[in-house]
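# Observations on chain architecture
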Amino acid sequence: DTEVTQTPKHLVMGMTNKKSLKCEQHMGHRAMYWYKQKAKKPPELMFVYSYEKLSINESVPSRFSPECPNSSLLNLHLHALQPEDSALYLCASSQRGPSTDTQYFGPGTRLTVL
Amino acid sequence: QQQVKQSPQSLIVQKGGISIINCAYENTAFDYFPWYQQFPGKGPALLIAIRPDVSEKKEGRFTISFNKSAKQFSLHIMDSQPGDSATYFCAAGEGGGADGLTFGKGTHLIIQP
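Note that residues are indexed from 1 along each chain, following the sequence as it is written. Chains and ligands are labelled sequentially in the order written, the chains with letters from A and the ligands with numbers from 1. Where local features are concerned, this predicted model is filtered to residues with pLDDT of at least 70; where side-chain atom pairs are given and counted, the filter is 80 or more; whole-chain, interface and lining totals use all residues. Calculation of side-chain values draws on the structure's entire complement of heavy atoms; hydrogens and water are dropped beforehand.

By the criteria applied, helices consist of DSSP H or I runs no shorter than four residues and strands consist of E runs no shorter than two, each listed in order from the N terminus. Within chain B, the regular secondary structure consists of zero helices and 11 strands. Each helix and strand of chain B, ordered N terminal to C terminal, gives the series β-β-β-β-β-β-β-β-β-β-β. Atoms counted for the radius of gyration: C-alpha only. Globule rule: 2.2 Å times residue count to the power 0.38. The globule rule puts the C-alpha radius of gyration for 113 residues at 13 Å, and the 13 Å found for chain B is close to it. C-alpha atoms of chain B, sized along the principal axes, occupy 40 × 30 × 20 Å. Remark: exposure states derive from per-residue accessible area (1.4 Å probe, protein chains only) relative to the maximum for the residue type, with buried under 20%, exposed over 50%, and partly exposed in between. A burial count over chain B gives 47% of its 113 residues as buried.

Printed below as a string of structure tokens:
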């Protein structure tokens, strides 16, 4: 099973709201990732968690706050977003293997900021 | 700075033909080169990947060709089918991809019946 699940599938929020995106995998993977994908654009890396510790933050604004409560779960807390933050937010996970780290992506959360 | 350049932006191929998508990279620290397929409303799905110590890798109808000296790699889809119509992304990563991936801009592939 190579499934990464994400909830919710769709989210509409106002600029003053606080919401969270959730990602879950049960493949025993020890690395988890958040990517942002705008329409007709490639995914862009936001955060990397390795063994539940934040290892990479690609200069993402503080209105995005990641959290990794355990090795299976990854959250992305959203606060005071802007309309330009509307995008597909993708979660991925990988095994943290000795040679290559195949990343498996979830279906994404389609976020609209009004 | 665009670290992975992908071409063409869009491609139309007749059913049964060969689809070819090319990518070039600049960062010599990249050591992992996957290709992803994405359908509308879905997350990217891994098709095939290669390491720089191999010049070619084939899985079914999909083949990656890799030229380390030119810093280029390409995806060939043999016997292209309408079900292959999707957006294809090349990507590259350091540390076997463990530190995340940098994606090309994508190729919108249409296979005409």
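There's plenty left to go through after this.
Two residues form a contact once any of their heavy atoms are found within 4.5 Å. At the junction of the two partners, chain A supplies 20 residues and chain B supplies 19 residues. In the analysis that follows, any N or O atom pair within 3.5 Å is treated as a polar contact, provided that within protein one partner can donate a hydrogen and the other can accept it, and provided that, for residues neighboring in sequence, both atoms belong to side chains. For the interface between chain A and chain B, the tally reads five residue pairs in polar contact (both at pLDDT 80 or more). Mapped by element, the contributors of at least two residues to the side of chain A that touches chain B are β4 (31-37), β5 (44-50) and β9 (87-94) of chain A. Residue contributions to the side of chain A that touches chain B peak at three residues, all from β4(A). Ten residue types, Ala, Val, Leu, Ile, Met, Phe, Trp, Tyr, Cys and Pro, are classed as nonpolar, four, Asp, Glu, Lys and Arg, as charged, and the remainder, Gly among them, as polar. Broken down by class, the residue content of the side of chain A that touches chain B amounts to 11 nonpolar, six polar and three charged.

Turning to the nonpolar core, a few remarks are in order. All names here are of chain B. Joining through side-chain atoms within 4.5 Å is the link that ties buried Ala, Val, Leu, Ile, Met, Phe, Trp, Tyr and Cys residues into a set, and such a set is a nonpolar core. Of all hydrophobic cores here, the largest spans 24 residues; its most connected members are F33, W35, L47, F73, L75, Y88 and L109. Contributions of two or more residues to this core are made by β2 (10-14), β3 (19-25), β4 (33-38), β5 (45-50), β7 (62-67), β8 (72-77), β9 (86-92) and β11 (107-112). Counting residues per element, this core draws most heavily on β9, which supplies four residues. Not counting chain neighbours up to four residues away, the residues in contact with F33 comprise Y25, I48, A49, I50, P52, I64, F66, F73, A91 and A92.

The subject of this paragraph is the pattern of salt bridges. Residues and elements named next belong to chain A. Salt bridge, as used here: a side-chain nitrogen of Lys or Arg that lies within 4 Å of a carboxyl oxygen of Asp or Glu. Inspection of every chain in the model, using the stated rule, returns six salt bridges over all chains. Two residues, R63 and D85, come together in a salt bridge whose shortest N-O distance is 2.7 Å. You can see R63 sitting in the loop between β6 (53-57) and β7 (64-70) and its partner D85 sitting in the loop between β8 (73-79) and β9, a full 22 residues away along the chain. Assessed through its relative accessible area of 23%, R63 is described here as partly exposed. By relative accessible area, D85 is classed as buried at 2%. Salt bridges linked by common partners bring K36, R63 and D85 together as one network.

Residues and elements named next belong to chain A. One open sheet holds the four strands; their spatial order is β1-β3-β8-β7, and the pairing between them is antiparallel. Here the strands that pair on one side only, and so sit at the sheet edges, are β1 (4-7) and β7. Recorded for the sheet is a direction-independent mean angle of 20° between the axes of neighbouring strands. A pair of strands is considered paired only if DSSP assigns at least 2 bridges between the two. Pairing of β7 with β8, which is carried by five bridges, proceeds in the antiparallel orientation. Axis lines are fitted to C-alpha atoms, over the contacting stretch for helices. Their N-to-C directions set the angle, which ranges from 0 to 180 degrees.

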